[in-house]
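# A closer look at the structure
Each chain is listed here by its residues.
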Amino acid sequence: MLIKRDDGFIHPNSSEITSQAVYRDRRRLIQLMAGGAAGAALATWASRDALAQVTRPNKLAALAGAKSAVPGAVTMDKVTDYKDASSYNNFYEFGTDKADPAKNAHTLKTTPWVVEVDGLVKKPAKYQLEDLIKLSAQEERIYRLRCVEGWSMVIPWVGYSLSHLIQKVEPLGNAKYVEFISQADPKTMPFVGSRVLDWPYVEALRMDEAMNPLTLLTFGMYGEVLPNQNGAPVRLVVPWKYGFKSGKSLVRIRFTDREPKTAWNKAAANEYGFYSNVNPDVDHPRWSQATERRIGEDGLFAKKRKTLMFNGYEAQVGQLYAGMDLKKNF
Ligand SMILES: Nc1nc2c(c(=O)[nH]1)N[C@H]1C(S)=C(S)[C@@H](COP(=O)(O)O)O[C@H]1N2
Ligand SMILES: [Mo]
């Protein structure tokens, strides 16, 4: 029944509101199915249940986010176990072995934490972590992350699109690149000072890549704040690029007009280019990139998976590289 008010506004009664909400949900489901994502959403719920059964000795502070509406956020893949995602890491500030970060990163001091945003922007600012977290609504996004070494994980990250922060600081017209600088504190990061990389760890994106909604400023995973070894308290997740583009424990985000020199490019320019898009057709000089191993599935009979162009996010980001030779710009 519709209740007509004096001002002409037609107000549905409560049972109609309910059925409307049900209808909208159903419609959304149909839309998802049309996009082939219904199975993905269900797979996500199923793996969420599986997740709840994993025993967690050191639960971290909760950081929940609403399920994201950004396309490409859910995948058909099973979510990687928390235990695997937090014990097999690359974080060279804490050692070069995959087990080192989980062993050593407890010395990282994440409070207080300040992120400086500067360079070619109208409104440079130093954000306390708490203020940065509150800058936009937290979302949960299940993204694959593929390492250049040939392994991958599927993680429910919590954060928001970096574009929200970028809009806040108002980049100037000549800002073409965004540089991401990690913490480099020899007192709390035992391998800063080793000569494997030129510290601080630096990564960068072109402005349009940084503005793409898939680029996630990330504060948590699995509904909790990030464990230190995964880049606490704030990192980037750029799901269509090799994992090393996703800088951890960020302290500075700088806008510039020149392509920045990145840590891995400085270390080995012929192996790690600026773009570093996941591309099964461009081999690393020392190994093929055609397949990958999913962490947690490395049993004797586990098959290697075919690596997907742009890590499976081609529909969302392919147009960023239209007309570019991706063999030259690897
Ligand atoms: N500061 C910093 N960020 C970093 C790294 C690093 O050594 N230092 N390693 C990168 C690499 S090579 C990968 S594959 C991912 C791994 O992220 P994960 O441990 O959450 O899987 O982090 C990236 N971010
Ligand atoms: Mo990596």
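Just so it is clear, the model here is predicted, and its values are computed rather than measured.

### What about the UniProt feature "binding site: Mo-molybdopterin" (unreviewed entry) in the chain?
- Feature annotation in UniProt assigns "binding site: Mo-molybdopterin" (unreviewed entry) to the following positions: N89, Y92, E93, C147, S182, N230, R235, S246, G247 and K248. None of the other annotated residues line the largest pocket; only N89, Y92, E93, C147, S182, N230, R235, S246, G247 and K248 do.
- Mapping C147 onto the fold places it in the loop between strand 6 (139–146) and strand 7 (151–161).
- The contacts of C147, once residues within four sequence positions are left out, are N90, Y242 and G243.
- With respect to the helices and strands, G247 occurs in the loop between strand 12 (235–237) and strand 13 (250–256).
- Beyond its immediate sequence surroundings of up to four residues, G247 is in contact with S182, Y201, R235 and L236.

### Topic: the site of ligand 1
- Within the structure, ligand 1 sits among 16 residues, and N89, Y92, E93, R235 and K248 are positioned closest to it.
- N230 is positioned with one of its side-chain polar atoms (N or O) 3.3 Å from an oxygen atom of ligand 1.
- Between ligand 1 and the protein, one listed contact pairs an oxygen atom with a side-chain N or O atom of R235 at 2.6 Å.
- Mapping ligand 1 onto the cavity grids shows that it belongs to the largest pocket.

### Some thoughts on the environment of K266
- The topology assignment puts K266 in helix 8 (residues 263–267).
- By relative accessible area, which is 40% here, K266 ends up partly exposed.
- When near neighbours in sequence (up to four residues on either side) are disregarded, K266 contacts D198 and K261.

### Focus on the pairing of strand 13
- Here strand 13 lies mainly inside the structure; five of its seven residues are buried.
- Note: strand 4 (residues 114–119) against strand 13, four bridges, orientation parallel. What sits directly across from D118, in strand 13, is R254.
- Pairing analysis gives six bridges linking strand 8 (residues 177–182) to strand 13, with the strands arranged antiparallel. Residue pairing for strand 13: F180 is matched across the bridge by I253.

### Topic: the pattern of salt bridges
- Counting across every chain of the model gives 18 salt bridges.
- For R141, the salt bridge is made with E139, and the minimal N-O distance between the two is 2.9 Å.
- Judged by relative accessible area, which is 1%, R141 ranks as buried.
- Taking the shortest distance from any N to any O, the salt bridge between E297 and R305 comes out at 3.1 Å.

### Overview of the environment of P156
- As for its position among the elements, P156 is in strand 7.
- Once the C-alpha coordinates of P156 and I142 are considered, the two residues, 14 residues apart in sequence, prove to be 4.1 Å apart.
- Residue contacts for P156: discarding those within four places in its chain leaves V79, E140, R141, I142, G220, M221 and Y222.

### Digging into the pairing of strand 10 (residues 216–221)
- Counting buried residues along strand 10, six of its six residues qualify, which places the element largely inside the surrounding structure.
- Pairing of strand 10 with strand 11 (residues 224–225), which is carried by two bridges, proceeds in the antiparallel orientation. Within strand 11, the residue paired with G220 across the bridge is V225.
- Between the antiparallel neighbours strand 10 and strand 11 lie two residues, among them Y222 with a positive phi of about 55 degrees.

### A look at the side chain of S152
- Relative to the assigned elements, S152 resides in strand 7.
- Take S152: its relative accessible area is 0%, and that puts it in the buried class.
- Side-chain polar atoms of S152 contact the side chain of R294, separated by 2.8 Å.
- Ignoring sequence-local partners within four residues, the contact set of S152 consists of L145, R146, E292, R293, R294 and I295.

### Some points on the layout of surface pockets
- In this model, the largest pocket occupies a volume close to 460 Å³.
- Every residue lining the largest pocket is counted, 28 residues in all, and those nearest its centre are N90, F91, C147, G243 and F244.
- For the lining of the largest pocket, the secondary structure elements donating two or more residues are strand 6 and strand 7.
- Of the residues forming the lining of the largest pocket, the biggest block, four residues, is contributed by strand 7.
- For the lining of the largest pocket, the per-class residue count stands at 16 nonpolar, seven polar and five charged.

Rules used throughout
Residues numbered from 1 in each chain as written. Chains lettered and ligands numbered in written order. Predicted model: local features only at pLDDT ≥ 70, side-chain atom pairs only at ≥ 80, totals over all residues. Heavy atoms only, no water. UniProt positions renumbered as here; feature names shortened; annotations may be inferred. 1 Å grid on protein atoms, 1.4 Å probe; cavity = no way out; pocket = protein on both sides within 12 Å on 5 of 7 lines; lining within 4 Å. Helix = DSSP H or I, 4+ residues; strand = E, 2+ residues; numbered from the N terminus. Contact = heavy atoms within 4.5 Å. Near = heavy atom within 4 Å. Polar contact = N/O pair within 3.5 Å; in protein donor to acceptor, adjacent residues only side chain to side chain. Sits in = over half its atoms within 2 Å of the grid points. Buried < 20%, exposed > 50% of the residue type's maximum accessible area, 1.4 Å probe, protein only. Pairing = 2+ DSSP bridges. Salt bridge = Lys/Arg side-chain N within 4 Å of Asp/Glu carboxyl O. Points joined across faces, edges and corners; volume = space filled by probe spheres on them. Nonpolar A, V, L, I, M, F, W, Y, C, P; charged D, E, K, R; others polar.

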